[in-house]
Amino acid sequence: MMLVINVIKVPHVPTSEELWNAVIGVYFSLQTRNPSVEPGIDRLRRLELRRVREVRRYLSDAFRDVALGMPFLDSLHPFYRELIELMIDRTMYKHSLAKVGHATKALSSIYKDTVLSIKSATTSNDITRARRNFLARIRNLLMDLKPELDFLKNTATKLDKLPNIDPNLFTIVVSGMPNVGKSSFVRCVSSGKPKVAEYPFTTKELHVGHFTVLNDVKVQVIDTPGLLDRSLSERNRIELQAILALKYLARVIVFIVDPTNHSGYSLIEQVNLLREIKDNFNAPTLVLINKIDIAMESEVGTALSNVALIDNSIPVFRVSTINCNGCRDVINYIIDNYIIPMLKEVLSSR
Ligand SMILES: Nc1nc2c(ncn2[C@@H]2O[C@H](COP(=O)(O)OP(=O)(O)OP(=O)(O)O)[C@@H](O)[C@H]2O)c(=O)[nH]1
Ligand SMILES: [Mg+2]
C-alpha cells in the first residue's frame, strides 16, 4: 500500500550564492594542523585534501537535503497534490529536484579529479592550480543550479504558507458566491478568523478553523474563496482551490445564500451555483439563508422556494452571520446528524 502523506514539511532551500559563500567559508576555515614537522608540500597537500573533502561533504548534504526533503508529489494526499499543482509548474518542480539530485554526481567527479591533481602535485604551484580549478568548477556547478534552486526556494516559501489542513478530520466546507458571508460564518463557529470585508473576493485561499465535539473530537471548518456561476473549465486558480476542498475534504457542505442584493450577486446565480454543487459533489449539503437582519421577508421566501425547487429535502437554516444568530443551530444539526452517527459507526466497527 502506498504511504499517503498528509502534512507538508519543507526543508530550507539555499540559493546558489548562499552555497557558494558557505563553500568559501568551509574551505578557508580549515587551516594546517601541525605546521612545523612536515615538509611544506606534504603539509599543503594534506590540508588541500581535507578542504576538498569537507566541501564535497557539505555540498552533497545540502543537495540531498533539498532533493529528498522537498515533498514527493505522488506520495501526497490528492488534495494537497492538486493544490500544489495549482500553485507551481509540476514539470519544472520534477526537473529541478532531479537536477539538484544529480548534482551530487557532478560533485563526485570534480572531487575525484581534484584529489588526483593534488596527489600528483610536486610543487606548491601545482596545488594552487588544483585549488583554483576545483573552486572554479564548484562555482560553475552551483551557478548552473541557480534557476532550479531559485524555483525550489520559491516553491518552499509557497508550501510553507499552505493552510494546515488535515484531510483525515471530519470537515465542513463552507461554500457560496462571493460576499455572501462565508468567512463571517467560519468566524462564528470555529477558531478560524479569516478576514471579512464588504467587497467580493476577500478570501483568496483556503482558511481553516476548528471546533471540538464531546471534548476531544476535532472538527475542521474550511472557508473557501467565493465561486462564480460558471463552468469548471472557466474557473480561475482561486476558485479551483474551493473546488478541491469540495471534492476531497467535504463531509458536509454548508452553502450560504445571500437573499438580499447586498452581496452584488443575484439569487438566480446563487441557486444555479447551488445546483452545480449538488450535481458535482456527493457530500450532504445544507443551505443557510444569510443576512436575515436586513433581508425582507419576501426575499427570504423567494430564496426558500428556489432552494426547494432544486431539492426540497435540503436542510435550510435562516441565519445572520454578522452577529452569529442561528449559526449554533447549524453546527448542532451537523453534530447530531453527521458527526455523532459517524462516531457511533467508528465505535461499532472496533
Ligand atoms: N447585514 C449583514 N451583513 C453581513 C452578514 N454576514 C456578512 N455580512 C457582510 O457581508 C460582507 C461579506 O462578508 P464575508 O464574511 O467577508 O463574505 P464572504 O462570503 O467570505 O466573501 P468573499 O470572501 O469575498 O467571498 C461583509 O461586509 C460582512 O460584514 C449578515 O448576516 N448581515
Ligand atoms: Mg471570505
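Residues numbered from 1 in each chain as written. Chains lettered and ligands numbered in written order. Predicted model: local features only at pLDDT ≥ 70, side-chain atom pairs only at ≥ 80, totals over all residues. Heavy atoms only, no water.

Going by an unreviewed UniProt entry, the protein chain carries the name Small GTP-binding protein and comes from Vulcanisaeta moutnovskia.

Engineer: Help me out: how do you make sense of the environment of Lys278 in this one?
Structural biologist: Structurally, Lys278 can be placed in helix α9 (residues 267–280). Separated by 83 residues in sequence, Lys278 and Lys195 place their C-alpha atoms 27 Å apart. Beyond its immediate sequence surroundings of up to four residues, Lys278 is in contact with Thr285, Ile310, Asp311 and Ile314. (Helix = DSSP H or I, 4+ residues; strand = E, 2+ residues; numbered from the N terminus. Contact = heavy atoms within 4.5 Å.)

Engineer: Hey, could you run me through the pairing of strand β5 (residues 285–289) in this one?
Structural biologist: Remark: a regular strand shows side chains that alternate across the two faces of the sheet. Most of β5 is tucked away: 5 of the 5 residues are buried. Residues Thr285, Val287 and Ile289 line one face of β5 and the alternating positions Leu286 and Leu288 line the opposite face, and both faces are buried. Where strand β4 (residues 252–257) lies against β5, 5 bridges are found, and the strand directions are parallel. Within the sheet, the bridge partner assigned to Val257 lies in β5 and is Ile289. Note that the unit made of β4, α9 and β5 has a crossover that is right-handed. One ladder, built from 3 bridges, connects β5 with strand β6 (residues 316–318); its direction is parallel. Across the sheet, the residue bridging to Ile289 is Arg318, located in β6. Handedness of the β-α-β unit built from β5, helix α10 (residues 297–310) and β6 comes out right-handed. (Buried < 20%, exposed > 50% of the residue type's maximum accessible area, 1.4 Å probe, protein only. Pairing = 2+ DSSP bridges. Right-handed = clockwise from strand over helix to strand, strands pointing away.)

Engineer: How do you make sense of helix α11 (residues 327–348) when you look at a structure like this?
Structural biologist: Since there are 3.6 residues in each turn of an α-helix, residues three or four apart along the chain are aligned in direction. Helix length check: α11, at 22 residues, gives a terminal C-alpha distance of 31 Å against a target of 32 Å (1.5 Å per residue), a fit within 8%. The set of residues buried in α11 consists of Cys327, Val330, Ile331, Ile334, Ile335, Ile339, Met342 and Leu343. (Expected span 1.5 Å × (residues − 1).)

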